[in-house]
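What follows is the residue order along each chain.
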Amino acid sequence: MATPAAFAAQVLRGRWLMAYGSFLIMSAAGATYIFAIYSKDIKSTLGYTQEQLNTVGFFKDVGANVGIHAGLFAEIAPTWLVLAVGAAMNLGGYLMLYLSVTGRVRPAPPLWLVCLYIAVGANSQAFANTGALVTCVKNFPESRGVMLGLLKGFVGLSGAIFTQLYLAFYGPGGGGDTRPLILLVGWLPAAVSVVFLATIRIIRAARSPLAVRREYRAFCAFLYVSLALAAYLMVAIVLQKRFQFTRAEYAVSAAVVLFMLLLPFAVVLREEAALFKNTPEAQSSDSPALTAVTTVATKPAPPEALPAAEEPATARARLLRALRPPPRGEDYTILQALVSVDMLFLFTATVFGVGGTLTAIDNMGQIGESLGYPPRSIATFVSLISIWNYLGRVAAGFASEALLSRHRLPRPLVLAAVLLLAVPGHLLVAFGVPGSLYVASVSIGFCFGAAAPLILASVSELFGLRYYSTLYNFAGTASPVGSYILNVRVAGRMYDREAARQGAVAAGKGLTCVGVRCYRESFLVIAAVTVAAGVVTLALAWRTREFYGGDIYAKFKEARSSSNGNGNGEEEGVVANK
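Reading the values: rules and limits
- Residues numbered from 1 in each chain as written.
- Predicted model: local features only at pLDDT ≥ 70, side-chain atom pairs only at ≥ 80, totals over all residues.
- Heavy atoms only, no water.
- Helix = DSSP H or I, 4+ residues; strand = E, 2+ residues; numbered from the N terminus.
- Buried < 20%, exposed > 50% of the residue type's maximum accessible area, 1.4 Å probe, protein only.
- Areas by Shrake-Rupley, 256 points an atom, 1.4 Å probe, with all protein chains shown as cover.
- Disulfide = S-S within 2.5 Å.
- Contact = heavy atoms within 4.5 Å.
- Phe/Tyr/Trp six-rings, centres within 6.5 Å; stacked < 30°, edge-to-face > 60°.
- Lys NZ or Arg CZ within 6 Å of the ring centre and 35° of its normal.
- Core = buried A, V, L, I, M, F, W, Y, C linked by side-chain atoms within 4.5 Å.
- Expected span 1.5 Å × (residues − 1).
- Patch = residues over 30% accessible without salt bridge, like charges linked within 9 Å, V, L, I, M, F, W, Y side chains within 5 Å.
- Salt bridge = Lys/Arg side-chain N within 4 Å of Asp/Glu carboxyl O.
- 1 Å grid on protein atoms, 1.4 Å probe; cavity = no way out; pocket = protein on both sides within 12 Å on 5 of 7 lines; lining within 4 Å.
- Points joined across faces, edges and corners; volume = space filled by probe spheres on them.
- Nonpolar A, V, L, I, M, F, W, Y, C, P; charged D, E, K, R; others polar.
- Axes fitted to C-alpha atoms, helices over the stretch in contact; angles between N-to-C directions.
- Parallel < 35°, antiparallel > 145°, perpendicular 65-115°, else oblique.
- Left-handed = near helix turned anticlockwise from the far one by under 90°.

K.L.:
Can you explain the overall build of the protein? Please cite residues and give values.
P.N.:
Broken down by element type, the protein carries 25 helices and 0 strands. Each of the 578 residues in the protein was classed as buried or not, and the buried ones make up 58%. A total accessible area of about 21800 Å² is found for the protein, and carbon and sulfur atoms account for 68% of it.

Put into structure tokens, the structure is as follows:
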């Protein structure tokens, strides 16, 4: 009768289906992390040197991380349009890259055009992140660390998920031609985004006390399902390394992965059922839920507009007033945040700390090849990085939130510890200890993953949520800057120089270096700058210790207590982020 229809309507309009849709979008939005699997085919089919291949990898990182335009677009456009643009870019960019690598494009495209293809395809990740991740943070502002950990965790798992699907769809033997993987990463993320276009949006109605009480429990349920998925992927990777799987066995493995990705929908139904049962009268009339209740994530009055009495005498005085920052935690303007010392420290730490781990991930295929590991082991390294990337993200999200709420521990302090933890992994690569690449891939993958939610949560906490779409994407531009410096200019050049010293010839497969010396000097440099990034982050933790010593979520709690909602909510209409 009417009740099932009302419940179905609540599920479709509710926060939890929006969160679940975001998790699925993010689980398909990390295709850039498996570049190491198919990069060898790009290098061999197009005849690139290592420096040229690293240049392609750099533009991949630029596309994935430079998303300021996506953030600015999201400030004025509805979320569904942001996701639709990202889906179109993903399909177009990776499809053209696939056609180029398979020789279906008549003359082989020049290097700059291949870089453009992969940059466009990877840049769709910025639109997916902005559309899904930023919307979730604004819908769950008091649980942003946990939410960011889960969202970024699903991105971290995406590499292993894509590997399982690729082996089921295209690969009977766990090696060989990886070019169909490029096609898979082109159409699958676009399809997932299109499915959830109407689901991902800002929800304006306030949450009821019941919804707030159940929130952390629901996030823990999502965490348990994702942990089970990560554990299964780990077991599958180990078994596939030890035994030769048939095509049918790969298909069964992929079917289990898809089933586990559907399991969180049960959490959505459970949470919405609890809310529906406790607010039966709210289901018959939806319009009261729209009464002037605005999400506390966006405060309408920018701080620089406060003094109206005195008119600035000069343009210089007006500029100084515009640059004067509000207290930490209030809504900064974009300009105030960009020129702040806190943002400078965060940006520097990301360039040299995250940039080093990104360089290791992008070069893991060539590192394994230079140290004599077989192709199946190299694929294992990439999958291990993906899984530990996930574990780092969820661990950092949940642990930093617990440490912050219980002990007022600054989030930048946790970030400093994570960056310093990556240094042993870099040193293991540098010295090429036999068998140590397994440990190095775990260490680097975990630290790379853990840094992401810590940086993004710090940006939202220090500079507010009003312009988070843009500021989040600005912080992301630091990663490709670090990748260019450490990957292209340091690791790529040192690799080619060592290959030339060994007398390698660029014939068909490009310059190939063999031995520990291929990456020794470059990863010693990376280890040193990572230590420096950790020191910079410690300085930021010291600067923000008083801010984190208070209740940084106090304004959200006050706003929630002054408004009553039915615990579910409606979207604001057409524009998502305003």
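K.L.:
Residue-level account of the state of the cysteines, with values.
P.N.:
With the rule as written, the count across this model stands at 1 disulfide. Sulfur-sulfur distance for the disulfide between Cys513 and Cys518 comes to 2.0 Å. Between Cys513 and Cys518 the sulfur-sulfur dihedral comes to about -90°; the bridge is accordingly left-handed. Per residue, the accessibility class of Cys513 equals that of Cys518, and both read buried.

K.L.:
Give me the side chain of Thr350: which residues, what numbers.
P.N.:
You can see Thr350 is positioned in helix 15 (residues 341-362). Those residues within four positions of Thr350 in sequence are excluded, and the remaining contacts are Gly355, Ile455, Ala475, Ala478 and Ser479.

K.L.:
Account for the packing of aromatic side chains, naming residues and giving values.
P.N.:
Taken as a whole and judged by the stated rule, the model has 23 aromatic pairs. Note on Trp16 and Phe222: the rings are 6.0 Å apart at their centroids and 40° apart in plane angle, and the pair reads as tilted. Residue Trp16 is located in helix 2 (residues 15-27), and its partner Phe222 is located in helix 10 (residues 209-242); the two are separated by 206 residues in the primary sequence. Of the two residues, Trp16 and Phe222, both sit in the buried class. Put simply, the rings of Trp16, Phe23, Phe140, Phe154, Phe219 and Phe222 pair up and form one aromatic cluster. Its guanidinium or amino end placed over the ring of Trp542, Arg545 lies 3.7 Å from that ring's centre, counting from NZ or CZ.

K.L.:
Can you tell me about the nonpolar core, naming the residues and giving the values?
P.N.:
Leu133 and Tyr468 are the most contacted members of the largest nonpolar core, which totals 152 residues. Looking at this core, the element that brings in the most residues is helix 8 (residues 144-169), giving 15 residues. The contacts of Tyr468, once residues within four sequence positions are left out, are Glu75, Leu133, Val134, Val137, Leu148, Leu456, Val459 and Ser460. Core analysis: the second largest hydrophobic core is formed by 7 residues, Ala70, Ala74, Ala126 and Phe127 among them.

K.L.:
Can you break down helix 6 (residues 79-101) residue by residue, with the values?
P.N.:
Residues separated by three or four positions in an α-helix point in the same direction, a consequence of the helix having 3.6 residues per turn. The end-to-end C-alpha distance of helix 6 is 33 Å, a good match for the 33 Å that 23 residues give at a rise of 1.5 Å each. Looking one or two places after helix 6, you find Gly103, whose phi comes out positive at around 80°.

K.L.:
Provide a residue-level description of a nonpolar patch on the surface, including the pertinent values.
P.N.:
A contiguous nonpolar surface patch, about 420 Å² in accessible area, is contributed by Leu91, Leu95, Phe169, Tyr170 and Trp187. When you line up the elements, Trp187 lands in helix 9 (residues 179-195).

K.L.:
Talk me through empty space enclosed by the protein; I want residue IDs and the actual numbers.
P.N.:
In this structure the tally under the stated criterion is 6 cavities of 30 Å³ or more. Approximately 360 Å³ is the volume attributed to the largest cavity. Mapped onto the lining of the largest cavity, the elements with two or more residues apiece are helix 4 (50-65), helix 7 (111-139), helix 15, helix 20 (437-463) and helix 21 (468-476). Residue classes in the lining of the largest cavity are distributed as 11 nonpolar, 8 polar and 4 charged. Roughly 140 Å³ of internal volume is contained in the second largest cavity. For the lining of the second largest cavity, the secondary structure elements donating two or more residues are helix 6, helix 7 and helix 9. Class assignment of the residues belonging to the lining of the second largest cavity gives a composition of 12 nonpolar, 7 polar and no charged.

K.L.:
How would you summarise the environment of Gly121 if you had to cite specific residues and measurements?
P.N.:
The residue Gly121 is located in helix 7 in this model. Counting along the chain gives 24 residues from Gly121 to Leu97, while the straight-line C-alpha distance between them is 8.7 Å. In this view, Gly121 contacts Met89, Asn90, Gly93 and Tyr94; residues no more than four positions away in its chain are not counted.

K.L.:
Could you give an account of the environment of Ala451, with specific residues and numbers?
P.N.:
Tracing the sequence through the fold places Ala451 in helix 20. Among the residues examined, Ala451 registers a relative accessible area of 1% and is labelled buried. Distance from Ala451 to Ala416, taken between C-alpha atoms, is 8.9 Å for residues 35 residues apart in sequence. Excluding residues within four positions of it along the chain, Ala451 makes contact with Val354, Leu415 and Val418.

K.L.:
Mind laying out the packing of helix 15 against helix 20, listing which residues take part and the relevant values?
P.N.:
In the contact formed by helix 15 and helix 20, the axes pass within 10 Å of each other and the chain directions differ by 160°. One element, helix 15, and the other, helix 20, form an angle in the roughly antiparallel class. Of the two possible hands of crossing, helix 15 and helix 20 adopt the one that is left-handed. Only Ile444, Phe448, Ala451, Ile455, Ser458, Val459, Leu462 and Phe463 of helix 20 make contact with helix 15, whose side of the interface consists of Asp342, Met343, Leu346, Thr350, Val354, Thr357, Leu358, Ala360 and Ile361. Looking at the contact of helix 15 with helix 20 residue by residue, the classes come out as 13 nonpolar, 3 polar and 1 charged.

K.L.:
Go over the pattern of salt bridges, please, and point to the residues and values.
P.N.:
Within the structure shown, the criterion is met by 11 salt bridges. The partner of Arg501 in a salt bridge is Glu498, and the shortest N-O contact between them spans 2.7 Å. Of the two residues, Arg501 and Glu498 are both situated in helix 22 (residues 478-501); the distance of 3 residues between them amounts to about one turn of the helix. Note on Arg501: relative accessible area 54%, which makes it exposed. Relative accessible area serves as the criterion here: at 6%, Glu498 is assigned to the buried category.

K.L.:
Hey, could you go over unusual backbone geometry for me, with residue numbers and the actual values?
P.N.:
Of note, the phi angle at Arg408 is positive, near 55°, even though the residue is not glycine. By relative accessible area, which is 34% here, Arg408 ends up partly exposed.

K.L.:
An account of the packing of helix 2 against helix 12 (residues 264-278) is requested, with residue identities and associated values reported.
P.N.:
Remark: helix 2 packs on helix 12, axes separated minimally by 9 Å, with the N-to-C direction vectors making an angle of 165°. Comparing their axes, helix 12 and helix 2 come out roughly antiparallel. Viewed along their axes, helix 2 and helix 12 form a crossing whose handedness is right-handed. Taken together, the residues of helix 12 that come into contact with helix 2 (itself represented by Arg15, Trp16, Leu17 and Tyr20) are Pro264, Phe265, Val268, Glu271, Glu272 and Leu275. Along the lines of polarity and charge, the residues of the contact of helix 2 with helix 12 split into 7 nonpolar, no polar and 3 charged.

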